[in-house]
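# Coordinate inspection notes
Here is what each chain is made of, one letter per residue.
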Amino acid sequence: MSNISKKQKHAERNLTQFIIFKSIAKRWYLPVIGIYYSEVIGMSLAQIGTFVAFLGIVRITAETPTGYFADKVSRKYAIMLGAVCMVAALSLYIVPQTIWGIYLGGFFEAIGFAAFGGTGSALAHDSLVVLKREKDYSKVVSKAQSYSLIVNAVVIALVPMTYAIDKRLPFAIGILQYLGLIVNAHFMTDMDHQPTKKL
């Protein structure tokens, strides 16, 4: 197999992995997280508001270095980095069950989502350039978004049921979710690319 055909094969596989990425790289635990903060951690409404502001500051601060990492090092490894941060975040949410555990977990969560920002879409675009199908970018993103909406509609409907069984269960499922994302990213291949535009 020639180098060109290998590259094209990898680019085609990236498009499949991109659909999986779009479906997995979501915070499925969001419907119950506010209740968890209040019921389990004992945070007041004011404390939750302060924490949300903290998340925003960390994520904005992390946008530039994670974008630089994706552009200069690897989009694939930027996704892996984001997933590892999310595993760390959710582990810290459910193991110490303290406000400091929540803040440290939130720090990793914000970095994780900053690492995801625009990276998967950029890798899909890079792959389409290799395949000379740049005009299909909107179609590919729309298809991935459609699958993502279906998966997330089902999962988010089930999350409250898992919370009723054990308050830590949605976050434990999230850990498995992001471990799956690491496996998914393992099968991606970096292409020659233009700088990432954060979405």
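It should be emphasised that the depicted structure is a prediction, and the values quoted were computed from it without experimental measurement.

What follows concerns the overall build of the protein. Scanning the protein for helices and strands turns up eight helices and zero strands. Counting from the amino terminus, helix and strand elements in the protein follow one another as α-α-α-α-α-α-α-α. Over its C-alpha trace the protein gives a radius of gyration of 18 Å, about what one expects of a compact globule, namely 16 Å for 199 residues. Relative to its 199 residues, the protein shows a buried fraction of 45%.

Between helix H2 (residues 30-41) and helix H7 (residues 137-165), whose axes approach to 9 Å, the crossing angle comes to 20°. Considered as vectors, H2 and H7 are oriented roughly parallel to each other. The way H2 lies across H7 gives a crossing that is right-handed. Here Pro31, Val32, Ile35, Tyr36, Glu39 and Val40 of H2 lie close against H7, whose contacting residues are Ile156, Val159, Pro160 and Tyr163. Residue composition of the contact of H2 with H7, grouped by class: nine nonpolar, no polar and one charged.

Two elements in contact, helix H4 (residues 75-94) and helix H8 (residues 169-186), have axes separated by 9 Å at closest approach and are oriented at 165°. When the interaxial angle is binned, H4 and H8 end up roughly antiparallel. Seen along the crossing, H4 lies across H8 with a hand that is left-handed. Of the residues in H8, those touching H4 at Lys76, Ile79, Met80, Ala83, Val84, Met86, Val87, Leu90, Ser91, Tyr93 and Ile94 are Phe171, Ala172, Gly174, Ile175, Tyr178, Leu179, Leu181, Ile182, Ala185 and His186.

Let us look at the side chain of Ser148. Inspection of the secondary structure assignment puts Ser148 in helix H7. With residues near it in sequence (within four places) discarded, Ser148 still touches Lys22, Ser23 and Lys26.

To continue, consider helix H5 (residues 99-116). Compared with the 26 Å implied by 1.5 Å per residue over 18 residues, the 25 Å span of H5 between its first and last C-alpha is a close match. Among the 18 residues in H5, 13 count as buried, and that is most of the element. A positive backbone phi angle near 80° is found at Gly118, which sits one or two residues after H5.

Following the criterion strictly, the structure yields 13 aromatic pairs and no others. Judged by centre distance (5.1 Å) and plane angle (75°), the ring pair of Phe51 and Tyr103 falls under edge-to-face. Here Phe51, found in helix H3 (residues 45-72), pairs with Tyr103, found in helix H5; they are 52 residues apart in sequence, far enough to count as distant. Each member of the aromatic cluster is reached from another via a ring pair, and the members are Tyr29, Tyr36, Tyr37, Phe51, Phe54, Tyr93, Trp100, Tyr103 and Phe171. Above the plane of the ring of Phe113 lies Arg27, whose end atom (NZ or CZ) is 4.4 Å from the centre.

Our focus in this paragraph is the confidence of the model for the protein. For the protein, mean pLDDT is 91; residues scoring 70 or higher make up 94% of the total. The lowest-confidence element of the protein is helix H1 (residues 3-24), averaging 89 in pLDDT; the highest-confidence one is H4, averaging 96.

Here the focus is the pattern of salt bridges. Counted by the stated rule, this structure contains eight salt bridges. Linking Arg133 and Glu12 is a salt bridge whose minimum nitrogen-to-oxygen distance equals 3.7 Å. Taken as a pair, Arg133 in the loop between helix H6 (119-130) and H7 and Glu12 in helix H1 lie far apart in primary sequence, 121 residues in all. The exposure class assigned to Glu12 is partly exposed, which follows from its relative accessible area of 39%. For Glu63, the salt bridge goes to Arg59, with nearest N and O atoms at 3.6 Å. On the criterion of helical spacing, the pair formed by Glu63 and Arg59 is a turn pair, its members being four residues apart in helix H3. Owing to a relative accessible area of 22%, Glu63 belongs among the partly exposed residues under this scheme. Exposure remark for Arg59: the relative accessible area of 27% places this residue in the partly exposed category. Linked by salt bridges that have partners in common, Glu12, Arg133, Asp136 and Lys139 make up one network.

The rules behind these values
- Residues numbered from 1 in each chain as written.
- Predicted model: local features only at pLDDT ≥ 70, side-chain atom pairs only at ≥ 80, totals over all residues.
- Heavy atoms only, no water.
- Helix = DSSP H or I, 4+ residues; strand = E, 2+ residues; numbered from the N terminus.
- Rg over C-alpha atoms; globule rule 2.2 N^0.38 Å.
- Buried < 20%, exposed > 50% of the residue type's maximum accessible area, 1.4 Å probe, protein only.
- Axes fitted to C-alpha atoms, helices over the stretch in contact; angles between N-to-C directions.
- Parallel < 35°, antiparallel > 145°, perpendicular 65-115°, else oblique.
- Left-handed = near helix turned anticlockwise from the far one by under 90°.
- Contact = heavy atoms within 4.5 Å.
- Nonpolar A, V, L, I, M, F, W, Y, C, P; charged D, E, K, R; others polar.
- Expected span 1.5 Å × (residues − 1).
- Phe/Tyr/Trp six-rings, centres within 6.5 Å; stacked < 30°, edge-to-face > 60°.
- Lys NZ or Arg CZ within 6 Å of the ring centre and 35° of its normal.
- pLDDT = per-residue confidence, 0-100.
- Salt bridge = Lys/Arg side-chain N within 4 Å of Asp/Glu carboxyl O.

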